[in-house]
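Notes for the structure review
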Amino acid sequence: MRCSVGAALVLGGSLQGLCYGSQVECSSVAFQDILKSIPDSSLNYVAHVAQNGSFGDAATNIPFPRNATGLPELCALSVNIKTPGNTSYNFGMFLPSNWNGRFLATGNGGFGGGINWLDMGAFSNYGFATISTDTGHSSAVDDGKWGLNQPEKLINWGHRAMHGSITSAKAITKAYYAGDINFSYYASCSTGGRQGLKEIQLNPESFDGVIVGAPAWWTTHLQTWTLKQGLTNFPASTPSYIPPNLFQTIANEMIKQCDTQDGVRDGIVADPFGCNFDFNQLLCRPGQNTTTCLTMAQIETAQKLYSPYLDANQTLLFPGITLGTSAAALSAKPSGLGIDFLQDWIFNDTNWDFTTFDIKDVGLADMINPGGATADDFDLSPFEKRGGKLIHYHGLADNLIPSGSSQYFYNQVYRTLTAKGLGVDDFYRFFFIPGMGHCSGAPVAPWYIGGGNQHVAGASHSVPGFADPKHDVIMAIMAWVEQGKAPDQLIATKFRNDTVSSGVESQRPLCPYPKQAQYVGHGDTNRPDSWKCVA
């Protein structure tokens, strides 16, 4: 046995040194021997990566066309697992030479497969043994054509590839380092967020701590709602059509009306659900430039886009676009995220006409639930019982998955577990990130917390200058799991031009739902101590 000082992490000021056995050789022979104990597995390749090296499969990886760079010294490998119906999936691993004794899995986006080497690279810089699966295919995030008449491929995408990759990768990690895994984690966003929630619903023992951002958890309703949204503003020849250039005008008016709820006018909508927005302020006046306002017919379209999708009994099918968010991405011609889902996964008919979509198709999607992907088991008590911790966040300006879907998920979990006498706050914290788009990015708002799918120029990982559990969500989940220090708030950072070397532009606390950040009335609004979390 040897002790790894280089793999130690600082958590809340304490040094967490770890000891483990000598790792095996980073070679095909060594891993082929390890894989003998993993059924239906075969080695695709293995490679040693030097300190500050790069790795990936950018030339063939459609959703992740850039290699991970700035890596620590590590062993990289890819494994194939055969599954029923003449299908299979692959997963990739980064095994750092300075291992921190911990395991971390990350996920995918949209319908895309492909191994997420980019996020694996960031997380390996902490010292994690990291993994990602391609879910059995490679495609663009909005391309679901690979699922046509492929039920086993859809099951791989829905949950089987993730769980199988986790169990196999854990066995490989233990064998490679000749020691046990101290803690297991998960961090990802969007479809990756759904994958994380689905995993702890089906297999609550997989992780000690989970971070999910903007989870696409309600698969059957999200994809049908996406198609419905596109059809609401289709075709372009109708008087009610809103052209793309007008959606920012709509969002700007929403920001204007809803901005000051937190005590500061700063271009950030902190409480879109509490804003009583007046659409009439967008109505064109006589002689007004029509590129800066809406007609009556266009206002009716806008109201539909930003309103909840309800059935005949007024039951929620899916939340509307959140106030302050540009709807342009969802309201152009319907995307493959909606069309391919119904055409190739529900009807299995390439001639299906998307303009015939009807509300009854939502019920059909629920009945079929392709791949068993929807993560709607709100009873997370098995995960809570084994001591699991969950951090969940969502940008309030998300233009692909409305933030209201995360609010709905949290509320359903809260009601389910409170009825059982469980304290949700003891294991599950949910944070809105005002101004942030889908998983990352904001024009003016602090948004960076080092989560899945979050990258800023000049940061190999974590939050440079603020590598602690208050600012870094990865370190926050570790502090909660390993030291019992729950995150009462997170501090988001906005670097100028999203570039570390340009310095910090602003920081602001993110508050656990339902609390919100409120300006204290004095001090620099760009400093986090000028804000407090209030109920």
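As a starting point, this report considers the structure included with it. (Residues numbered from 1 in each chain as written. Predicted model: local features only at pLDDT ≥ 70, side-chain atom pairs only at ≥ 80, totals over all residues. Heavy atoms only, no water.)

**Digging into the pattern of salt bridges**
It is possible for side chains bearing opposite charge to pair when their charged atoms get close. Selection criterion: Put simply, a salt bridge is a Lys or Arg side-chain nitrogen that is within 4 Å of an Asp or Glu carboxyl oxygen.
A full pass over the atoms with the stated rule returns 13 salt bridges. With a closest N to O distance of 2.7 Å, Arg160 and Glu152 form a salt bridge. For Asp498, the salt bridge goes to Lys494, with nearest N and O atoms at 3.1 Å.

**A closer look at the state of the cysteines**
Threshold: Disulfide assignment relies on a single distance test, namely cysteine sulfur atoms paired within 2.5 Å. Note on conventions: DSSP H or I runs of at least 4 residues are helices, E runs of at least 2 residues are strands, and numbering of each starts at the N terminus.
One pass over the full model with this rule turns up five disulfides. Between Cys189 and Cys439 runs a disulfide, and the two sulfur atoms are separated by 2.1 Å. Judged by the sign of its S-S torsion, about -100°, the bond between Cys189 and Cys439 is left-handed. One end of the pair, Cys189, is in strand E10 (residues 183-189); the other, Cys439, is in the loop between strand E15 (428-433) and helix H12 (473-483), with 250 residues separating them in the sequence.

**As for the nonpolar core**
The condition is simple: Take the buried residues of types Ala, Val, Leu, Ile, Met, Phe, Trp, Tyr and Cys, join any two whose side-chain atoms come within 4.5 Å, and each joined set is a nonpolar core. Relative accessibility under 20% of the residue-type maximum defines a buried residue, over 50% an exposed one, and the middle range a partly exposed one, all with a 1.4 Å probe and only protein chains included. By definition, residues are in contact when any of their heavy atoms lie within 4.5 Å.
Ranked by size, the top nonpolar core spans 96 residues in total, and within it Phe31, Leu95, Ile172, Ile250, Tyr306 and Tyr428 carry the most contacts. A total of nine residues in this core trace back to one element, the largest contributor, which is helix H3 (residues 151-177). In contact with Ile172, not counting residues within four places along its chain, are Phe31, Ile34, Leu35, Ile38, Val79, Phe91, Met93 and Leu95. Within the second largest apolar cluster, 37 residues are counted, among which are Phe123, Cys189, Ala445 and Phe495.

**Side note on the pairing of strand E9 (residues 129-133)**
Quick note on the threshold: For two strands to be treated as a pair, DSSP must find no fewer than two bridges joining them. Here the term right-handed applies to a crossover when the path leading from its first strand over the helix to its second strand runs clockwise, the strands being oriented away from the viewer.
Among the five residues in E9, five count as buried, and that is most of the element. Burial along E9 is two-sided: Ala129, Ile131 and Thr133 and Thr130 and Ser132, pointing in opposite directions, are all buried. Here four bridges tie strand E7 (residues 87-96) to E9, and the two strands are oriented antiparallel to one another. Across the sheet, the residue bridging to Met93 is Ile131, located in E9. Here strand E8 (residues 102-105) pairs with E9 via three bridges, running parallel. Bridge pairing in E9 links Leu104 to Thr130. With respect to chirality, the unit in which E8 leads through helix H2 (residues 117-124) into the neighbouring parallel E9 is right-handed.

**Digging into the packing of aromatic side chains**
Applicable threshold: Stacked, tilted and edge-to-face are the three classes applied to pairs of Phe, Tyr and Trp rings, where Trp contributes its six-membered ring and a pair requires centres within 6.5 Å; stacked means planes under 30 degrees apart, edge-to-face means over 60, and tilted covers the rest. Comment: the charge-over-ring label is applied if NZ (Lys) or CZ (Arg) is within 6 Å of the ring centre and within 35 degrees of the ring normal.
Summed over all chains, the structure comprises 40 aromatic pairs. Both rings, one in Tyr126 and one in Phe128, keep their centres 5.8 Å apart while their planes meet at 55°; by these two values the pair is tilted. Across this residue pair, the class does not change: Tyr126 and Phe128 are buried. Between Phe430 and Tyr513, the ring centres sit 5.5 Å apart and the planes meet at 50°, which makes this aromatic pair tilted. With a gap of 83 residues between them, Phe430 in strand E15 and Tyr513 in the loop between strand E17 (504-510) and strand E18 (516-519) connect regions that are remote in the sequence. Across the pair, Tyr513 and Phe430 agree in class, each one buried. Through a chain of ring-to-ring contacts, the aromatic side chains of Phe273, Phe383, Tyr410, Tyr414, Phe427, Tyr428, Phe430, Phe432 and Tyr513 assemble into a single cluster. One Lys or Arg, Lys170, reaches over the ring of Phe207 and ends 5.8 Å from the middle of that ring. Cation over ring: Arg194 sits above Trp157, and NZ or CZ is 4.4 Å from the ring centre.

**Brief notes about the sheet that holds E15**
Rule in force here: Angles here are taken between N-to-C directions and fall from 0 to 180 degrees, while the axes themselves are lines fitted to C-alpha atoms, restricted in helices to the stretch in contact.
Spatial ordering of the open sheet is given by E3-E6-E7-E9-E8-E10-E11-E14-E15, a layout of nine strands whose pairing is mixed. Looking at which strands have only one partner, the edges of the open sheet turn out to be strand E3 (41-49) and E15. Across the sheet, the axes of successive neighbouring strands diverge by a mean angle of 15°, strand direction being ignored. Pairing geometry for E3 and strand E6 (residues 74-83), over eight bridges, is antiparallel. Along E6, the bridge assignment pairs Leu43 with Val79. Helix-sheet contacts for H2 involve E3, E6, E7, E8, E9 and E10, and the interaxial angle to E7 is about 25°.

**Regarding the side chain of Thr133**
To keep things clear, this is the line we draw: Pairs of N or O atoms within 3.5 Å make up the polar contacts considered here, provided that, within protein, one atom can donate a hydrogen while the other can accept it, and that residues adjacent in sequence are counted only when both atoms are side-chain atoms.
Among the structural elements, Thr133 can be located in strand E9. Of note is the side chain of Thr133, whose polar atom sits 3.0 Å from the backbone oxygen of Asn90. Here the side chain of Thr133 touches Thr135 through a polar contact of 3.0 Å, landing on its backbone nitrogen. Beyond its immediate chain neighbours, meaning those up to four positions away, Thr133 contacts Tyr89, Asn90, Phe91, Asn108, Gly114, Ile115, Ala161, Met162 and Ser165.

**Looking at the environment of Ala169**
With respect to the secondary-structure elements, Ala169 resides in helix H3. Those residues within four positions of Ala169 in sequence are excluded, and the remaining contacts are Phe91, Met93, Phe103 and Ile131.

**What about the packing of helix H5 (residues 219-232) against helix H7 (residues 296-305)?**
Put simply, the rule reads: By the definition adopted for this analysis, an angle is roughly parallel if under 35 degrees, roughly antiparallel if over 145, roughly perpendicular if from 65 to 115, and oblique otherwise. Basically, the charged four are Asp, Glu, Lys and Arg, the nonpolar ten are Ala, Val, Leu, Ile, Met, Phe, Trp, Tyr, Cys and Pro, and anything else, Gly included, counts as polar.
One can describe the packing of H5 onto H7 by two numbers: an axis separation of 10 Å at closest approach and a directional angle of 175°. The pairing of H5 with H7 is recorded here as roughly antiparallel in orientation. Within the contact between the two elements, H5 uses Lys228, Gln229 and Thr232 and H7 uses Thr301, Lys304 and Leu305. Partitioned by chemical class, the residues of the contact of H5 with H7 number one nonpolar, three polar and two charged.

**A word on the pairing of E7**
Of all 10 residues making up E7, nine are buried, and the element is well covered by its neighbours. As paired elements, E6 and E7 share 10 bridges and run antiparallel to each other. Note that in E7 the partner of Leu77 across the bridge is Met93. Linkage of E6 to E7, two consecutive antiparallel strands, is achieved through a turn of three residues, within which Gly85 is found at a positive phi near 70°.

**Points about helix H6 (residues 245-258)**
For the record, the criterion: For a helix, the expected span equals 1.5 Å multiplied by the number of residues minus one.
Between its first and last C-alpha, H6 extends 21 Å over 14 residues, near the 20 Å set by a 1.5 Å rise per residue. Of all the positions in H6, only Leu246, Phe247, Ile250, Ala251, Glu253, Met254, Ile255 and Cys258 are classed as buried. Those residues of H6 hidden inside the fold are in contact with H7.

**Describing H7**
Applied cut-off: An arc is given here, and it is the one of the directions from the helix axis to the C-beta atoms.
Three or more residues of H7 are buried, namely Gln298, Ile299, Thr301, Ala302 and Leu305. On an axial view of H7, the arc spanned by its buried residues comes to 160°, and they lie on one face. When the buried face of H7 is taken as reference, the exposed residues oriented beyond 90 degrees from it are Met296 and Lys304. For H7, the secondary structure elements touched by its buried residues are H5 and H6.

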